[in-house]
Amino acid sequence: MTNTQPAEHLLSVENLTVGYGERIIQHNINFTVKKGSIFALMGGSGCGKSTLLKSMIGLLPPKAGDFLVKGENYWKSSKQHRIDIGRNFGVLFQSAALWSSMTVGENIALPLQLFTDLSSSMIQRLVELKLGLVGMSHAINLYPSELSGGMKKRCGLARALALDPEILFFDEPSAGLDPITSKRLDDLIVNLRDGLGTTIVIVSHELPSLFAIADDGVFLDAETKTPIAYGSPKELRDHPPCELVNDFMHRQIFEHPK
Amino acid sequence: MTINNNASLPSLQPEWTLKFENQQPKLCLYGDWLAKNNNIPQLPRNIFQNCSADISVQFDTDQLRTWDSGFIAFLWELKNLATINHISIDKQQLPEAAQQLLALLDDKKPEVSPPANPPFRPLYNLGGWVIDSLNSLGVTFQLFLFALKGVFKFLAGRSYMRLTDLLRDIKAAGPSALIIISIVNFLMGSILAFVGAVQLRKFSADAYVANLVGIATVRELAAVMTAIVISGRTGGAYAARIATMQGNEEIDALKVFGIPVTEYLILPSMLSLTITMPIMYLYACFMGILGGLIVSILMLRVTVLGFLYQTFGAVPFNQFIFGGSKTIAFAMFIGVSSCYIGIKSGRSAADVGVAATKAVVAGIVGVIALDAVFAVLADIIGI
């Protein structure tokens, strides 16, 4: 299994600057993500976690710097090659982003129908399997509007798993979920990593989730617009490199020095 | 993702055999179990028919090579069949990762009922449709009355409607629609003049092309075509906007604050159309007559003054009043019906599209139906 293989850097972010228009959200971002690890993008609201994630999943070109996937420069590749690289990505959006005009089963089947040559019976078996893995088998014929927030998240995860991606990106997977559902989702994420060997990048500021699942991470600061700490959430909690990280990890109110 | 033990070897067909050792079933698995190869075998439903209950199935995975989720799908089916037959499975010999994934899956697939096909009951459906339609008509009329009440509150300075919303809607419904109104009505006038010229020339009645274009445009076409364009353009946009607000719980937020939806959302939409459409009607009349004039000049060699003299001789002022009145009724109908459809929509993205389509269809059909009512009224009062 991938966990037992020697650590290998699957993703590398090098001097990345992200933003919208003229506005820089984060700059000088550098980190690597090991194969089979769960990597957390941490920081307070509005610090640029989701913006960075958008750059990593191909939705927002960076202002500067490089993003390497298995050594290949993602943003400097041709558009077609970026699409090919992106087939190895599965993304769980914050709102789950299930296609509302399709049933849950159709949501998961669509990528399989479009990007594989599988027979319809094999697609059906895989759709059932992915839903089974997230405990949502009963929802196969339901529409997203018939699901609760937590159920949508789990179905969104099943869709993200549809093509057996090597890398999964989660944007705030626990946001809006009750603690029990949130814990179940955390367990599921770890089980999927352990079972499938998937590398996971997760955006979150839910501390219990981060402490429970993340192996490594980067802490982004909204004030300086740059990463200020690297390491697993537990390490950052136990050995915070600065006051801001310490206060964040211990849920204290921090005021930037004027 | 492939869990790959022997990636360099050529792919082998996935196979399984069920062997019995001392009455103990053992499932031997061979080859590459990859979903992408599209050859994951199906298990027969009677695989455990020779097994007694309460025994355990073991695995031999020595010959198992690469695998992915296709293998897990196979194992899950096996787990299901084993559960149904009261047989346990001993996962010890399976790869550790497969054991973890299998642990996530229920022992038995839940029974999923297929999507229900509603039974064919024509009388029941017709009755439901009639009741729904009457209900919609009643609610639309109620909304219209609420909006009318809002007008009086607005005039008394006690309305929740914001002037900025009204001005924004007026701009969207009026000036922004001028180009499409110009094109449609100019072409309608031109086509009418062209067809009229070809036919009337046979009777040496060329001069009456101006009458034809004038009466048809002022009495019917300018009002109806403008309303249809506004229904498609603005009515659809209103419905989509309100349906999106419904999906984002913005309407719920208005209700929680106690802001009346009719005044805050429907009133500016209805008023903006009621204010702009009569003006656009006059503009549409001008463009339609201009189209007819240009075709007549080119085809019939008439003079501009001659055409205009003939037109205004044929179209008395009360025709403009009649056309304008129709336009106001169309505007109110489009405003209220499109907002009603938006408010009654579902909360998903697909529902926004459905609401926009419904608003356009209801607007066009309603405008033509109202026009028919006006035609009968005009006949009764002798316009």
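Residues numbered from 1 in each chain as written. Chains lettered and ligands numbered in written order. Predicted model: local features only at pLDDT ≥ 70, side-chain atom pairs only at ≥ 80, totals over all residues.

Caption draft 1: How the structure looks around the overall build of chain B. The number of helices and strands found in chain B is 11 helices and four strands. For a compact globule of 383 residues, the expected C-alpha radius of gyration is about 21 Å, and chain B comes in at 35 Å, more than 25% above that figure. Overall, chain B is about 110 × 55 × 45 Å in size when its C-alpha atoms are taken along their principal axes. Expressed as a percentage of its 383 residues, the buried residues of chain B come to 38%. (Helix = DSSP H or I, 4+ residues; strand = E, 2+ residues; numbered from the N terminus. Rg over C-alpha atoms; globule rule 2.2 N^0.38 Å. Buried ≥ 20, exposed ≤ 12 C-beta atoms within 10 Å, placed from the backbone.)

Caption draft 2: Local environment of helix 5 (residues 178-200) of chain B. Residue and element names in this part refer to chain B. The end-to-end C-alpha distance of helix 5, which contains 23 residues, comes to 32 Å, matching closely the 33 Å that a straight helix rising 1.5 Å per residue would cover. Those residues of helix 5 that fall on the buried side of the exposure criterion are Ile-181, Val-184, Asn-185, Met-188, Gly-189, Ser-190, Leu-192, Ala-193, Gly-196 and Ala-197. Those residues of helix 5 that are buried lie in contact with helix 6 (209-247) and helix 8 (261-300). (Expected span 1.5 Å × (residues − 1). Contact = placed C-beta atoms within 7 Å.)

Caption draft 3: A look at the UniProt feature "domain: ABC transporter" (unreviewed entry) in chain A. Here, the residues flagged by UniProt with the feature "domain: ABC transporter" (unreviewed entry) are residues 11-249 of chain A. Between the end C-alpha atoms of residues 11-249 of chain A there is a gap of 25 Å, over a span that is 38% helix and 26% strand. (UniProt positions renumbered as here; feature names shortened; annotations may be inferred.)

Caption draft 4: A look at the sheet that holds strand 1 (residues 15-21) of chain B. Residue and element names in this part refer to chain B. Strands sit in the order 1-2-3-4 across an open sheet of four strands; the sheet is mixed. Only two strands of the sheet have a single partner each, and these edge strands are strand 1 and strand 4 (88-89). With six bridges connecting them, strand 2 (residues 24-33) and strand 3 (residues 56-67) associate as parallel partners. Its bridge partner lying in strand 3, Trp-33 is registered against Trp-67. (Pairing = 2+ DSSP bridges.)

Caption draft 5: Inspection of the UniProt feature "transmembrane region" (unreviewed entry) in chain B at higher detail. The sites that carry the UniProt feature "transmembrane region" (unreviewed entry) are, in the present numbering, residues 134-156, 177-200, 212-232, 281-308, 320-343 and 355-378 of chain B. Counting secondary structure, residues 134-156 of chain B comes out at 96% helix and 0% strand; the distance between its end C-alpha atoms is 33 Å.

Caption draft 6: Inspection of the interface of chain B and chain A at higher detail. In this complex, chain B contributes 28 residues to the contact, which on the side of chain A involves 29 residues. Elements represented by at least two residues in the side of chain B that touches chain A include exactly helix 1 (69-84), helix 2 (96-104) and helix 11 (349-381) of chain B. By residue number, the principal contributor to the side of chain B that touches chain A is helix 2 of chain B, which donates five residues. Residue composition of the side of chain B that touches chain A, grouped by class: 17 nonpolar, five polar and six charged. (Nonpolar A, V, L, I, M, F, W, Y, C, P; charged D, E, K, R; others polar.)

Caption draft 7: The arrangement of the packing of helix 6 of chain B against helix 11 of chain B in detail. Residue and element names in this part refer to chain B. Their axes nearest at 8 Å, the elements helix 6 and helix 11 cross at an angle of 150°. As the angle between them shows, helix 6 and helix 11 are arranged roughly antiparallel. For the element pair helix 6 and helix 11, the recorded crossing hand is right-handed. Residues of the contact of helix 6 with helix 11, tallied by class, amount to 14 nonpolar, seven polar and three charged. (Axes fitted to C-alpha atoms, helices over the stretch in contact; angles between N-to-C directions. Parallel < 35°, antiparallel > 145°, perpendicular 65-115°, else oblique. Left-handed = near helix turned anticlockwise from the far one by under 90°.)

Caption draft 8: Seen up close, the environment of B:Lys19. All names here are of chain B. Summarising the element assignment, Lys-19 is placed in strand 1. Sequence separation between Lys-19 and Val-57 is 38 residues; the distance between their C-alpha atoms is 9.9 Å. Apart from residues lying up to four places away in sequence, Lys-19 is in contact with Lys-26 and Cys-28.

Caption draft 9: Here's a closer look at the sheet that holds strand 4 (residues 64-69) of chain A. All names here are of chain A. An order of 2-1-4-5 is seen for the four strands of this open sheet, with the pairing classed as antiparallel. The open sheet has two edge strands, strand 2 (23-34) and strand 5 (72-73), and neither has a second partner. Summarising the sheet, strand 4 and strand 5 pair through two bridges and their orientation is antiparallel. In the strand pairing of strand 5, Val-69 is matched with Glu-72.

Caption draft 10: Up close: the confidence of the model for chain B. All names here are of chain B. Predicted confidence across chain B gives a mean pLDDT of 87, with 97% of residues reaching 70 or more. Note that residues 1-7 has pLDDT below 50 and, in this model, 23 contacts with residues that lie over four places away or in other chains. For this predicted complex, the interface confidence reaches an ipTM of 0.77, while the overall pTM sits at 0.73. (pLDDT = per-residue confidence, 0-100.)

Caption draft 11: Inspection of the pairing of strand 1 of chain B at higher detail. All names here are of chain B. Counting buried residues in strand 1 gives zero out of seven residues, a small share hidden from the surface. Strand direction decides the pairing type here: strand 1 and strand 2, joined by seven bridges, are antiparallel. Bridge pairing in strand 2 links Phe-20 to Pro-25. Hairpin remark: strand 1 followed by strand 2, antiparallel, with two residues in the connecting loop; positive phi at Asn-22, about 55°.

Caption draft 12: Here's a closer look at helix 1 (residues 49-56) of chain A. Residues and elements named next belong to chain A. In terms of residue burial, helix 1 counts as a mostly covered element, since seven of its eight residues are buried. By the burial criterion, the buried members of helix 1 are Lys-49, Thr-51, Leu-52, Leu-53, Lys-54, Ser-55 and Met-56. At the C-terminal side of helix 1, Gly-58 shows a positive phi close to 90°.

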